[in-house]
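Results of the structural survey
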Amino acid sequence: MAIKQSSSPLRVLADLSLLFFILLVPLCSATAATAPATLLQVKSGLTDPEGVLSGWSPEADVCSWHGITCRPGEVGIVTGLNLSGYGLSGVIPPVIGGLISIESIDLSSNSLTGPIPPELGVLENLRTLLLFSNSLTGTIPPELGLLKNLEVLRIGDNRLHGEIPPHLGDCTKLETLGLAYCQLNGTIPAELGNLRRLQHLALDNNTLTGSIPEQLAGCSSLHFLSVADNMLQGNIPSFVGSFSDLQSLNLANNQFSGGIPAEIGNLSSLTYLNLLGNSLTGAIPEELNRLSQLQVLDLSMNNISGKLSISAAQLKNLKYLVLSGNLLDGGIPEGLCAGDSSSLENLFLAGNNLGGGIEALLNCSGLQSIDVSNNSFTGAIPPSIDRLLGLINLALHNNSFTGALPPQIGNMSNLEVLSLFHNGLTGEIPPEIGRLQKLKLLFLYENQMSGTIPDDLTNCTSLEEVDFFGNHFRGPIPERIGNLKNLTVLQLRQNDLSGPIPASLGECRSLQALALADNRLSGTLPETFGQLDELSVVTLYNNSLEGPLPESLFQVKNLTVINFSHNRFSGSLVPLLGSSSLSVLALTNNSFSGVIPAAVGRSRNMVRLQLGGNRLAGAIPAELGNLTRLNMLDLSFNNLSGDIPVELSNCPQLTHLKLDGNSLTGSVPAWLGGLLSLGELDLSSNTLTGGIPPDLGNCSGLLKLSLSDNHLSGSIPPEIGRLTSLNVLNLDKNTLTGDIPPALRQCNKLYELRLSENALEGPIPPELGQLSELQVILDLSRNKLSGEIPASLGDLVKLERLNLSSNRLDGQIPSSLLQLTSLHLLNLSDNLLSGAVPTGLSSFPATSFAVNELCGAPLPPCVPSSPRRLPGTEVAVIVAGIAVISAAVCVALLYTMLRVWSNWRAVSVSNSDGEESAHGGGDKWGAAGDGKYWKVGSPVSSSAEEKHSSGSETSVLHGKSTEAAGAAKS
């Protein structure tokens, strides 16, 4: 029963278009006799690079033309056009619709462009249309639905887009429909269920959505069904189990969910079942073991759980079993294979939760490939592993295997891949491994293996990749390593190897990657290194290699990565610069000398240049400005001189610029502010002069800024506050002046701030207390800072070290510093601080508070009666006050004496009573005068005098004394 046609507006519109197209057809004058002219028009629209159409001419019989088939016994009746695979380009002209007698058109595997002409819809005799593997564009013309006799339609592997026209469901004689590898979208039309004769349906590698329509159950003759690599959803319909003739079912790489239908077990003819890359759940149905013809079963990359229930003993034709990337647990069942009756050749169980041992696999005697990596298998690798004599690939990596590698591994003469990395294997490499003449890949990295690398390994002459990274191998690299002529990768990093690099390594002419870093290798680099023409990556860092580099190394032109850091190499860099393709050149901490060659600038793809910690001299070459992709430039701790070259401003991708520890001169360039990707700028320990350019505030991604130990002057620009990502700011050991800008509070990610050994003035900004991430240190020592210590510094609760020594800070130590519970170093010495040390700070040594007017633990205890030492400014005021008062007293005294003298002259002093009175008055005055002088000199009188003579200042000092007493109590 035919499926009812859709009555949607789009379908109605398409039907009207087809009707209009059909009405136009009679107007055409095409006949069988016009075929030659039509074909010549087709030819005129094509480009023929191979000349296969050169014989198409009016003078020749059309049936003799290349690629043309005619009906037997009838002259000039063209039934076939086959021009497949000739590299033709151009468009398919609409006149092709004039080939009214044509039954087969094959233009596949060419370079044709443009749309599929709708005029093909009038070719009512057409049975086969093959246009696949071209570059055709546009949509699939619905007019193809008019081809009632069409049996094969293959138009996939093109650039077609749009939806699959439902009209194709009208081609009821279709047996093959191939629309794969296009850019089709939309859903699978339900009308395709009308195609009762359909045997082959390929819709894979498009962007189809929706679910598999239930009407597709009408395609009961299907032998092949592939809808892989789309975006189909929903459950896998159970009706697929009714396709009794189905041989291949491919639903891979979609978004199907739910369980695997048990009905699939009814497909007795099925040889290929691929459900990989979906979101299927549940257990593997036992019914799948009924698929007796099945050869390939791939259920990988789903969420299938439960036990491994597939039995290769029942699936006697099964060759590939792929269950990787699921949630299977338990062990490998003993009944997986049944000896010689199993055909299983490839078993892939990687990336599950399987555990236990692998002894059950030894029953699968026909296995050629085993991958059980990324599971939880334990125990030793069974010595009887050599029962699998046909094994080619063995991947046991990322498990928990222990014990030694059994020597029986040497009996597996067909082995090509042995991957055992990331386990807990111990012991030595058995010398029997040298018998594996076919071995190509040997991966033992990240185990606990030890001993020496056996010389027998050099007998494995087919080896291409060897990786022993992260073990405990000791001793020398085998002297005959050069026997491995096919070696492309040699990774021996992070072991305990010693001795020289064998000269024979130069015989490994195919070597592309060599990693010998993190060992104890010594000696010089052999001259034979220059023979490694294919070498691209070489890492030798963290060894004890020494001496100048061989000149022959300059001949290695394919080098892209060189890392010789942390060795003892000396001499010139020139031998390393034969390649202009370097992306990484890392040579830190060696003894290279001479100038930095300008040839470094030839490697325009350089992203990392690290030459720090050598003995390089001279100027920084301007040619480094050619390295426009450079991320890291480290020239630190050399003997470089001269200015920082302006050409470095051409390196906009710089994230790390380290020029510290040299003898560079000139100023800090303002153009550094244009390096907007900069994350680290270290120019410390040079002899730079001038100011800090405000432009540095533009480097918003800067994490570290260190300009210390130079001769910089001027003030700290407030624009530094715009560096809101800054973690480290180090400006110490310069001659900076002015105030500390409060704008630094905006650098709220700072965890290290060093401004010591400058000439900074003014108070400590209270805003620094807002730097809540400050942890490593706040160092403002050896400046000229004044005023009190801001109480807000107590908010820096993460701070570990605080150094405010050698300034002119006064007042008391704020009790808020007791909140700094992470503090383990405190230095407030050599200031003008007074009062008692807060009790909570008494655990710090006395040197933390030395050269102040402080008391209390850890200093000597405070004496309440002892006057405190006043700051210099206050002493000056008091002295001035005393001087003024003394002058006033002297004036008053002089005035009094003059009055007394005047009165004495005015009266008689001849009688004794008067004399006595006057003398008594004088003694009284004199005694009073003497008494007043000494009171002033005494501590008590001094205090009273201050109270009467300088009231405002005395009240201030008194308030401070009260505050100090309060602080001592707290």
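Residues numbered from 1 in each chain as written. Predicted model: local features only at pLDDT ≥ 70, side-chain atom pairs only at ≥ 80, totals over all residues. Heavy atoms only, no water.

1. Quick notes on the UniProt feature "domain: Leucine-rich repeat-containing N-terminal plant-type" (unreviewed entry) in the protein
- UniProt records the feature "domain: Leucine-rich repeat-containing N-terminal plant-type" (unreviewed entry) for residues 37–70 in the present numbering.
- Note that residues 37–70 is 24% helix and 15% strand, and that its end C-alpha atoms are spaced 15 Å apart. (UniProt positions renumbered as here; feature names shortened; annotations may be inferred. Helix = DSSP H or I, 4+ residues; strand = E, 2+ residues; numbered from the N terminus.)

2. What about the pattern of salt bridges?
- Counted by the stated rule, this structure contains 12 salt bridges.
- With a shortest N-O distance of 3.9 Å, E507 and K485 are connected by a salt bridge. Taken as a pair, E507 in the loop between strand 36 (496–499) and strand 37 (513–515) and K485 in the loop between strand 34 (472–475) and strand 35 (489–491) lie far apart in primary sequence, 22 residues in all.
- Assessed through its relative accessible area of 43%, K485 is described here as partly exposed.
- The closest approach of N and O atoms between K704 and E680, which form a salt bridge, is 3.8 Å. With K704 in strand 53 (residues 704–706) and E680 in strand 51 (residues 680–682), this pair connects stretches of sequence that are 24 residues apart.
- Its relative accessible area of 14% is what places E680 among the buried residues.
- Sharing partners across several salt bridges, the network here consists of K658, D660, E680, D682 and K704. (Salt bridge = Lys/Arg side-chain N within 4 Å of Asp/Glu carboxyl O. Buried < 20%, exposed > 50% of the residue type's maximum accessible area, 1.4 Å probe, protein only.)

3. Considering the pairing of strand 56 (residues 735–738)
- Pairing of strand 54 (residues 711–714) with strand 56 involves 2 bridges; the strand directions are parallel. Its bridge partner being in strand 56, G714 is matched across the sheet by L736.
- Direction of pairing for strand 56 relative to strand 58 (residues 759–762): parallel, over a ladder of 2 bridges. Bridge pairing in strand 58 links T737 to A759. (Pairing = 2+ DSSP bridges.)

4. Looking at the sheet that holds strand 50 (residues 663–664)
- On the basis of which strands lie adjacent, the open sheet formed by 10 strands has the order 32-34-36-38-40-42-44-46-48-50 and parallel pairing. Each end of this open sheet is capped by a strand with a single partner; those strands are strand 32 (450–452) and strand 50.
- The sheet contact formed by strand 44 (residues 591–595) and strand 46 (residues 615–619) spans 3 bridges and is parallel. Residue pairing for strand 46: G594 is matched across the bridge by L616.

5. A word on the state of the cysteines
- A complete count under the given rule lists 3 disulfides for this structure.
- Two residues, C63 and C70, share a disulfide whose sulfurs are 2.0 Å apart. With the S-S bond torsion at -100 degrees, the cross-link from C63 to C70 turns out left-handed.
- Residue C63 is classed as partly exposed on the basis of its relative accessible area, which comes to 26%.
- With a relative accessible area of 14%, C70 lands in the buried category. (Disulfide = S-S within 2.5 Å.)

6. Describing the pairing of strand 16 (residues 255–258)
- Relative to strand 16, strand 14 (residues 233–235) runs parallel, the two being bridged by 3 bridges. Along strand 16, the bridge assignment pairs N235 with S257.
- Note: strand 16 against strand 18 (residues 279–280), 2 bridges, orientation parallel. Of the residues in strand 18, the one forming a bridge with S257 is S279.

7. Observations concerning the confidence of the model for the protein
- Across the protein, the average pLDDT comes to 89, with 86% of residues at 70 or higher.
- Ignoring residues within four places in sequence, the model shows residues 1–14, a span with pLDDT below 50, making 19 contacts including any to other chains. (pLDDT = per-residue confidence, 0-100. Contact = heavy atoms within 4.5 Å.)

8. Brief notes about the side chain of N352
- Topologically, N352 is positioned in the loop between strand 23 (346–348) and strand 24 (353–356).
- Judged by relative accessible area, N352 falls into the buried class, the value being 5%.
- In this structure the side chain of N352 is engaged in a polar contact, spanning 3.2 Å, whose partner is the backbone nitrogen of N326.
- A distance of 3.0 Å separates a polar atom in the side chain of N352 from the backbone nitrogen of L328.
- Residue contacts for N352: discarding those within four places in its chain leaves L323, S324, G325, N326, L327, L328, N374 and N375. (Polar contact = N/O pair within 3.5 Å; in protein donor to acceptor, adjacent residues only side chain to side chain.)

9. Observations regarding the packing of aromatic side chains
- The full count for this structure, using the stated rule, is 8 aromatic pairs.
- Taking the centre distance of 5.9 Å and the plane angle of 70 degrees together, the rings of F239 and F243 count as edge-to-face.
- Here the aromatic rings of F569 and F592 are separated by 6.3 Å at their centres, their planes lie at 20 degrees, and the arrangement is stacked. Within this pair, whereas F569 is found in strand 42 (residues 568–571), its partner F592 is found in strand 44, the two being separated by 23 residues in sequence.
- Judged by relative accessible area, F569 falls into the buried class, the value being 0%.
- Each member of the aromatic cluster is reached from another via a ring pair, and the members are F421, F443 and Y445.
- Between R154 and the ring centre of F132, over which it is positioned, the NZ or CZ distance is 4.1 Å. (Phe/Tyr/Trp six-rings, centres within 6.5 Å; stacked < 30°, edge-to-face > 60°. Lys NZ or Arg CZ within 6 Å of the ring centre and 35° of its normal.)

10. Examining the sheet that holds strand 22 (residues 327–330)
- Pairing is parallel in the open sheet, where 6 strands are placed in the order 20-22-24-26-28-30. Two strands close off the open sheet at either side, each with one partner strand: strand 20 (305–306) and strand 30 (424–425).
- Summarising the sheet, strand 22 and strand 24 pair through 2 bridges and their orientation is parallel. Residue G330 lies in a different strand from strand 24, and its bridge partner there is L354.

11. Structural notes on helix 2 (residues 35–44)
- Three or more residues of helix 2 are buried, namely A35, T38, L39 and V42. Axial view of helix 2: buried residues confined to an arc of 100 degrees, hence all on one face. (Arc of directions from axis to C-beta.)

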